[in-house]
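Geometric and topological summary
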Amino acid sequence: MMPADLFAALEQPDGRGRFGAPDFLAQFGFLPPDGDSPLNPDGYPIGFAVDQEANQVGLTCAACHTAEVEVNGERIRIDGAPAHLDFDSFYQALAQAVAATLVSPERFQRFAANFGAEDEAAQKALQARLAEFNLELTGDAVVRRPALASGYGRVDALTQIINSLAVTDQSKPENLYPVAAPTSYPPLWLTPELEFVQWIPIAASPIARNGGQVLGVFGHTDLSSGAAENAFRSTMLLRNLQEMEDWLQVLKPPVWDETRMGKIDPELRDRGAEIFRENCAGCHNMAPYERTEPEVNHFGETFIRIGRVDFRKVGTDPAYPMSLLTRQVATNETTAPLFGDRPIVPALEFFGGTVQASVQRAIAEAEFSEEEILALNGMRFTTGPDGKPVPYTPEQPPTYLKAGPLAGVWATGPYLHNGSVPTIYELLSPASERREVFWTGGRALDLRRLGYESGDAPGRFRFDTRLPGNGNGGHEYPEGGLSHDERMAVIEYLKSQ
Ligand code: HEC
Ligand code: HEC
């Protein structure tokens, strides 16, 4: 994201304290660190990572995938739950802070003092470095600037990743596409086991998924037209990514804590389980999970089955699937050969192809063994016509949304891929009864309706479901709806999962 030494000296946009201070960054939803640690000498919030060798500070998985929920004023950390992070506003603030430092001489003097640049020559050199970085950051902030504000807990990850590859890495501004379809951060506790992931379930191999993530959140791969022998060489640190993926394996769905969160009524729960079996289980796989057939996997591995439903049938907001399905990308001299020399290809194909080529190059350079490579890919291989393993590919065209397991769903609100429905109770109500406007960023759990408290309060984000991309319609199951009592029963059941 930024050279670590420059970041450490940076002030807040209004010129007050340190930009990296947890109490400043809390307004974007970042969580303070768990006390002092020699691994975190600057005391950055959870989700910041510093690569000392490369002098870089960036964001890691935990920034978007760690939540803290509040129950009766007490905070509970939930690893793997969707963060309350407003990534877009954070990044725009970073760009403002860097630009402001160059504009005001006094401010620059303070920055230079924080940095430790004492004499004039050192200050000049520092100014030149910051100016150069500012140029890069300003451009990147424009590429990432959302046309639809995301607020807390959402980001249009795929558009940003594809912009990063197609516009920035290829140096092709004509590929710019509006960042206007933010999606909710999904929970990560079952993902290593899921057959496919993402809201449009197009990713199976963890290393391809996580490698794509890196290239979207500030990493780069060389796709420039004269790349030649450097083509697809990237900043991915595959061994680190592998360790993070290993960490995901130990995540567990959070358990509803009856002592703090209220007793689950066993009768109501059982009635809810019955209603769920009849009306929901056909799409949402729940424990004990139905698994995929061993025969379809080259190694006989099985995964948790997911449901897939065409987005037009679910009827939820179409902006996200439509943006991915309709977007086209111009290739260049370096990337075109991946796609049979076509000058223009569908964005999802471009995304998959360039990420795969970058991951393959990184794998080759890291000298992984055959076995390690299979593990990196999460064993997601079918058998090809020649009897060799072939990576899983998503069904085409990917016009479907994922109906995933709902374990720990009480910690993952607001709901649907675009986070447009604040509570489970409202999701189980007809769309006409769901709130048109609510506020995100609250951490207190709504223990009755499940989700987060979502009224107006200082520092919260006003979520207007009437804006395109924020629509809260669709997913009206079962047809004809559930009664109030039935909804409460399903909620009781979901608490127990
Ligand atoms: C800037 C925020 C951000 C960061 C950082 C981030 N993610 Fe995510 N993650 C998202 C969003 C948003 C999605 C949903 C994207 C979609 O489906 O369109 C997602 C989806 C996922 C999924 C799919 C889950 C599912 O069930 O569909 C996995 C797995 C995942 N992330 C793992 C990771 C890992 C591992 C890292 C670190 C290497 C990481 N993420 C870093 C925001 C982030
Ligand atoms: C026909 C298949 C289908 C049926 C039946 C169905 N769902 Fe869903 N469900 C989906 C899909 C697809 C999504 C994702 C839609 C989206 O995000 O736009 C979803 C999303 C959800 C979510 C949001 C998950 C999240 O992380 O935001 C919840 C909660 C949910 N369903 C609960 C239920 C319950 C409870 C029932 C039964 C009353 C039910 N669903 C019936 C397909 C179905």
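From a predicted model like this one, the values you see are computed outputs, not experimental measurements. (Residues numbered from 1 in each chain as written. Chains lettered and ligands numbered in written order. Predicted model: local features only at pLDDT ≥ 70, side-chain atom pairs only at ≥ 80, totals over all residues. Heavy atoms only, no water.)

Concerning the overall build of the chain
Heads up, the rule is: Going along the chain from the N terminus, every DSSP run of H or I of four or more residues is numbered as a helix, and every run of E of two or more is numbered as a strand. Here the term buried applies to any residue with accessible area under 20% of the maximum for its type, exposed to any over 50%, and partly exposed to those in between, with areas from a 1.4 Å probe on protein chains only. Here the open area of atoms and residues is found with the Shrake-Rupley method and a 1.4 Å probe, where only the protein chains shown may cover a residue. His is not counted, nor are the chain ends, whereas Lys and Arg count as positive and Asp and Glu as negative. Positions of charges follow a simple convention, taking NZ of Lys, CZ of Arg, CG of Asp or CD of Glu.
Along its length, the chain carries 17 helices and 15 strands. Here the C-alpha coordinates of the chain stretch approximately 75 × 60 × 40 Å along the principal axes. Expressed as a percentage of the 497 residues in the chain, the buried residues total 53%. Of the roughly 22,600 Å² that the chain leaves accessible, carbon and sulfur atoms contribute 54%. Side-chain charges in the chain split into 42 positive and 67 negative, and the spacing between the mean points of these groups amounts to 4 Å.

Let's talk about the coordination of the iron atom of ligand 2
What counts here: For Na, K and Ca the donor cut-off is 3.2 Å, and for all other metals it is 2.8 Å, counting N, O and S atoms only; because water is absent from this set, sites may look incomplete. All geometry calls rest on donor angles, where a four-donor set with angles between 85 and 135 degrees is tetrahedral, four- and six-donor sets with opposite donors more than 155 degrees apart and all others between 65 and 115 are square planar and octahedral, and all else is irregular.
Bound to the iron atom of ligand 2 are the protein donor atoms H284 (NE2) and H475 (NE2), situated 2.0 Å from the metal. Coordination at the iron atom of ligand 2 comes from six donor atoms whose angles at the metal span 87 to 179°, giving a geometry best classed as octahedral. With H284 in the loop between helix 11 (266–279) and strand 8 (307–310) and H475 in the loop between strand 15 (461–464) and helix 17 (484–495), this pair connects stretches of sequence that are 191 residues apart.

A closer look at the domain arrangement of the chain
Where we set the bar: What counts as a domain boundary in this text is fixed by an automatic or database domain assignment. We call two residues in contact when some of their heavy atoms are within 4.5 Å. Summed over both partners, buried area is the accessible surface (1.4 Å probe) that two parts give up on being assembled. The salt bridge criterion pairs a side-chain nitrogen of Lys or Arg with a carboxyl oxygen of Asp or Glu, the two atoms within 4 Å. For this analysis, a polar contact is any N or O atom pair within 3.5 Å, provided that within protein one partner can donate a hydrogen and the other can accept it, and provided that sequence-adjacent residues contribute only side-chain to side-chain pairs. Three classes are used, and their members are as follows: Ala, Val, Leu, Ile, Met, Phe, Trp, Tyr, Cys and Pro are nonpolar, Asp, Glu, Lys and Arg are charged, and the others, Gly among them, are polar.
By the assigned domains, the chain splits into domain 1 (1–145) and domain 2 (258–289 + 407–495). A C-alpha centroid distance of 34 Å is found between domain 1 and domain 2. Taken together, the contact between domain 1 and domain 2 spans 15 residues of the former and 12 residues of the latter. Between domain 1 and domain 2, roughly 1,100 Å² of surface is buried when both sides are summed, and carbon and sulfur atoms account for 57% of that area. Of all residues in domain 1, the largest losses of buried area upon contact with domain 2 belong to E70, V71 and H84, amounting jointly to 40% of the total for that side. The tally of links from domain 1 across to domain 2 stands at one salt bridge. Among the salt bridges present, the one from E74 reaches R260, with a minimum N-O distance of 2.5 Å. On the surface where domain 1 and domain 2 come into contact, there are seven residue pairs in polar contact (both at pLDDT 80 or more). The set of elements that each furnish at least two residues to the side of domain 1 that touches domain 2 consists of strand 4 (66–71) and strand 5 (74–79). Take the side of domain 1 that touches domain 2: its biggest share by element is five residues, from strand 4. For the side of domain 1 that touches domain 2, the class distribution of residues is eight nonpolar, three polar and four charged.

A few points about the site of ligand 1
Worth spelling out the cut-off: Neighbouring residues are identified by heavy atoms, a residue being near a molecule or strand if any of them is within 4 Å of it.
As a structural note, the neighbourhood of ligand 1 is formed by 25 residues, with C61, C64, H65, Q198 and K402 the closest of them. Separating an oxygen atom of ligand 1 from a backbone N or O atom of W199 is a distance of 2.8 Å. Here an oxygen atom of ligand 1 and a side-chain polar atom of K402 are 2.6 Å apart. With three residues, helix 8 (residues 206–216) is the largest single contributor of residues to the shell around ligand 1. Taken together, the residues that form the shell around ligand 1 break down as 15 nonpolar, eight polar and two charged.

Observations regarding the site of ligand 2
Taken together, 22 residues form the shell around ligand 2, and within it C280, C283, H284, H417 and H475 come nearest. At a separation of 2.8 Å, a nitrogen atom of ligand 2 approaches a polar side-chain atom of H284. T316 is positioned with one of its side-chain polar atoms (N or O) 2.7 Å from an oxygen atom of ligand 2. Contributing elements (two or more residues each) for the shell around ligand 2: helix 11, strand 13 (400–403) and helix 16 (424–427).

Quick word on the coordination of the iron atom of ligand 1
A metal bound by six donors in octahedral fashion has ideal angles of 90 or 180 degrees, whereas one bound by four tetrahedral donors has an ideal angle of 109.5 degrees. Coordination of the iron atom of ligand 1 by the protein comes from a single atom, H65 (NE2), at 2.1 Å. By the element assignment, H65 lies in the loop between helix 3 (61–64) and strand 4.

With respect to the side chain of T66
Mapped onto the secondary structure, T66 falls in strand 4. Accessibility expressed as a relative area gives 7% for T66, which makes it buried. Setting aside residues no more than four positions away along its own chain, T66 makes contact with L31, I46, R77, I78, D79, G80, A81, P82 and A83.

Quick look at helix 5 (residues 105–115)
The condition is simple: In this description, one arc is meant: the one made by directions from the helix axis to the C-beta atoms.
Within the sequence span of helix 5, burial applies to R107, F108, F111 and A112. The arc that holds every buried residue of helix 5, seen down its axis, measures 140°, which confines them to one face. Along helix 5, the residues that are exposed and aim more than 90 degrees away from the buried face are E106 and A113. Contacts made by the buried residues of helix 5 are with helix 1 (4–9), helix 4 (87–103) and helix 6 (120–144).

Points about the environment of R305
Among the structural elements, R305 can be located in the loop between helix 11 and strand 8. Residue classification places R305 among the partly exposed residues on the basis of a relative accessible area of 28%. Here the alpha-carbon distance between R305 and G139, two residues 166 residues apart in the chain, equals 41 Å. When neighbours within four sequence positions are excluded, R305 is seen to be in contact with E195, N285, E290, R291, T292 and E293.

A closer look at the nonpolar core
As a reminder of what qualifies: Within this scheme, the nonpolar core is defined by two criteria: the residues are buried Ala, Val, Leu, Ile, Met, Phe, Trp, Tyr or Cys, and they are joined through side-chain atoms within 4.5 Å.
Core analysis: the biggest nonpolar cluster contains 50 residues, and I78, W189, F276, W410, I424, L450 and L494 have the highest contact counts within it. Residue assignment for this core shows that the elements contributing at least two residues are strand 4, strand 5, helix 11, helix 16 and helix 17. At six residues, helix 17 tops the list of elements feeding residues into this core. Looking at which domains feed residues into this core, each of domain 1 (1–145) and domain 2 (258–289 + 407–495) supplies at least three. Excluding residues that lie within four positions of it along the chain, L450 makes contacts with W256, W410, Y415, P422, T423, I424, I491, L494 and K495. Ranked by size, the runner-up nonpolar core spans 41 residues in total, among them F19, A21, F90 and A95.

A short note on the packing of aromatic side chains
So the rule is basically this: Each Phe, Tyr or Trp ring (for Trp, its six-membered ring) is paired with any other whose centre lies within 6.5 Å, and the angle between the two planes then decides the class: stacked below 30 degrees, edge-to-face above 60, tilted in between. For a Lys NZ or an Arg CZ to count as sitting over a ring, it must be within 6 Å of the ring centre and within 35 degrees of the ring normal.
If you walk through the whole model with that rule in mind, you get 23 aromatic pairs. Ring centres 4.8 Å apart and planes at 15° place the aromatic pair F438 and F463 in the stacked group. One end of the pair, F438, is in strand 14 (residues 437–440); the other, F463, is in strand 15, with 25 residues separating them in the sequence. With respect to class, F438 is no different from F463; both count as buried. The lysine or arginine in question, R144, covers the ring of Y91, its NZ or CZ lying 5.5 Å from the ring centre. In this arrangement the basic side chain of K402 is found over the ring face of W199, its NZ or CZ atom lying 5.8 Å from the centre.

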